[in-house]
Amino acid sequence: MNILVTGGAGFIGTNFIRHALAIRPDWRIVNLDALTYAGNPANFEDLAPDQAERYRFIHGDIGDASLIERIFSEEDIQGIIHFAAESHVDRSILGPEKFLKTNIIGTFRLLHASLNFWKTMGRPEEFRFLHISTDEVYGSLGSEGYFTENTPYDPSSPYSASKAASDHFVNAYFRTYDLPTLITNCSNNYGPFQFPEKLIPLMILNILEKKSLPVYGDGKNVRDWLYVIDHCDALIRVFEQGKPGETYNIGGGAERQNIEIVYLLCDLMDKRLGRSGSKSSRNLIHFVTDRPGHDFRYAIDSAKIKQELEWSPHHRFEDALGNTVDWYLNHMDWVNSVRSGAYRKWIEINYQERENS
Ligand code: NAD
Ligand code: TYD
């Protein structure tokens, strides 16, 4: 089975490829990634030899249709798992255009190249295009209720609007051209290899370095946290057993307010760093200006994937968060390699204004 993964040098893609190579010995994976600030090809340097033989990296853009066509024919691709995206809400607020280019136009070009290939390939009934999307397309919940696959789309940020548009194109390619597509909409992931611009790794590193912990607004916004390996297991199930044309929601069943997450991280880190009392990292917490259009709550109803594909998350939130903390503390070389000058510039731009207001 030859599979094209896009965006595999980013957070979820890296975990997915490493996990899939380990548990699916008959899969060969081609990873196409443009290596934006969020992509790191070194994430695969330590693969075991039998896995490295089944892995190929190609540096390129999902919007480059002729490259995609070449990969399809050279590699005899039987399925696509599409992670590549611009993924950070705050970056989409400060610079939305890249989000339209990659998430909408890029996805459209990938779909169209897939369609052309699919029409001429042998065994077209085996082909699958799995599009990875987000619960943010559904907008914001109040304090009650859950997102189901039938919740109307109501995106708030340029990021979620671009993902919503890409989901509509994927569904259009199924309905109009019969391309066998699948969509998953998942909640907030956490785990190893997450770029330290997102809440959990940013807080872990700021605690370590005794920097201010910037909590947006009153810290009461709620996210439904999904351990990345549980997510990867769900994706393999949808890819192998999901019904083309369908959407599957994937949630971690671990709703927490942001401030609860930050408290927990302070406590987990303090235990490891021997800080307590007046030295507690909780003293670093700083409430800063809220994100514009900040969705209040996300929470997923995962009943469909649980019933139809017998998936459920296996990791307990507090344990997996502790493992995540340990992973960062044990991989400071990785952290330092991804925190480039451009990263430091981003932190300055995003937080300076918030801190000052
Ligand atoms: P990420 O930002 O860590 O990684 C994105 C990867 O895509 C990077 O390796 C980047 O180099 C690559 N990329 C960007 N533009 C590209 C292009 N034009 N061509 C080829 N590669 C390109 O993102 P992530 O957190 O791993 O998210 C993966 C997918 O999952 C995204 O589609 C995202 O919308 C979705 N998602 C993520 C979360 C989350 O909590 N991280 C939650 C829901 C959905
Ligand atoms: P984030 O990790 O950016 O994911 P998303 O916006 O896709 O949910 O943010 C998670 C939550 O944490 C979100 O409600 C915004 C909040 N947040 C902060 O309070 N401070 C921060 O520095 C960051 C990055 C996020």
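Refer to the structure printed above.
Keep in mind that this is a model prediction, so the values were computed, not measured. (Residues numbered from 1 in each chain as written. Chains lettered and ligands numbered in written order. Predicted model: local features only at pLDDT ≥ 70, side-chain atom pairs only at ≥ 80, totals over all residues. Heavy atoms only, no water.)

1. Topic: the site of ligand 1
Close to ligand 1 lie 28 residues, the nearest being Ile12, Asp33, Ser87, Tyr159 and Lys163. Between aspartate 61 and ligand 1, the recorded distance is 3.1 Å, taken from a side-chain N or O atom to a nitrogen atom. Between lysine 163 and ligand 1, the recorded distance is 2.6 Å, taken from a side-chain N or O atom to an oxygen atom. Contributing elements (two or more residues each) for the shell around ligand 1: helix H1 (11-23), strand E5 (128-134) and helix H6 (158-177). Counting residues per element, the shell around ligand 1 draws most heavily on E5, which supplies 3 residues. In terms of residue class, the shell around ligand 1 is built from 13 nonpolar, 12 polar and 3 charged. (Near = heavy atom within 4 Å. Polar contact = N/O pair within 3.5 Å; in protein donor to acceptor, adjacent residues only side chain to side chain. Helix = DSSP H or I, 4+ residues; strand = E, 2+ residues; numbered from the N terminus. Nonpolar A, V, L, I, M, F, W, Y, C, P; charged D, E, K, R; others polar.)

2. Notes on the packing of helix H7 (residues 199-208) against helix H9 (residues 258-273)
At a minimum axis separation of 10 Å, H7 and H9 run at an interaxial angle of 40 degrees. By the angle between their directions, the pair H7 and H9 is classed as oblique. Like other packed secondary-structure pairs, H7 and H9 cross with a definite hand, here right-handed. Taken together, the residues of H9 that come into contact with H7 (itself represented by Leu199, Ile200, Met203, Ile204, Ile207 and Leu208) are Asn258, Ile261, Val262, Leu265, Cys266, Met269 and Leu273. (Axes fitted to C-alpha atoms, helices over the stretch in contact; angles between N-to-C directions. Parallel < 35°, antiparallel > 145°, perpendicular 65-115°, else oblique. Left-handed = near helix turned anticlockwise from the far one by under 90°. Contact = heavy atoms within 4.5 Å.)

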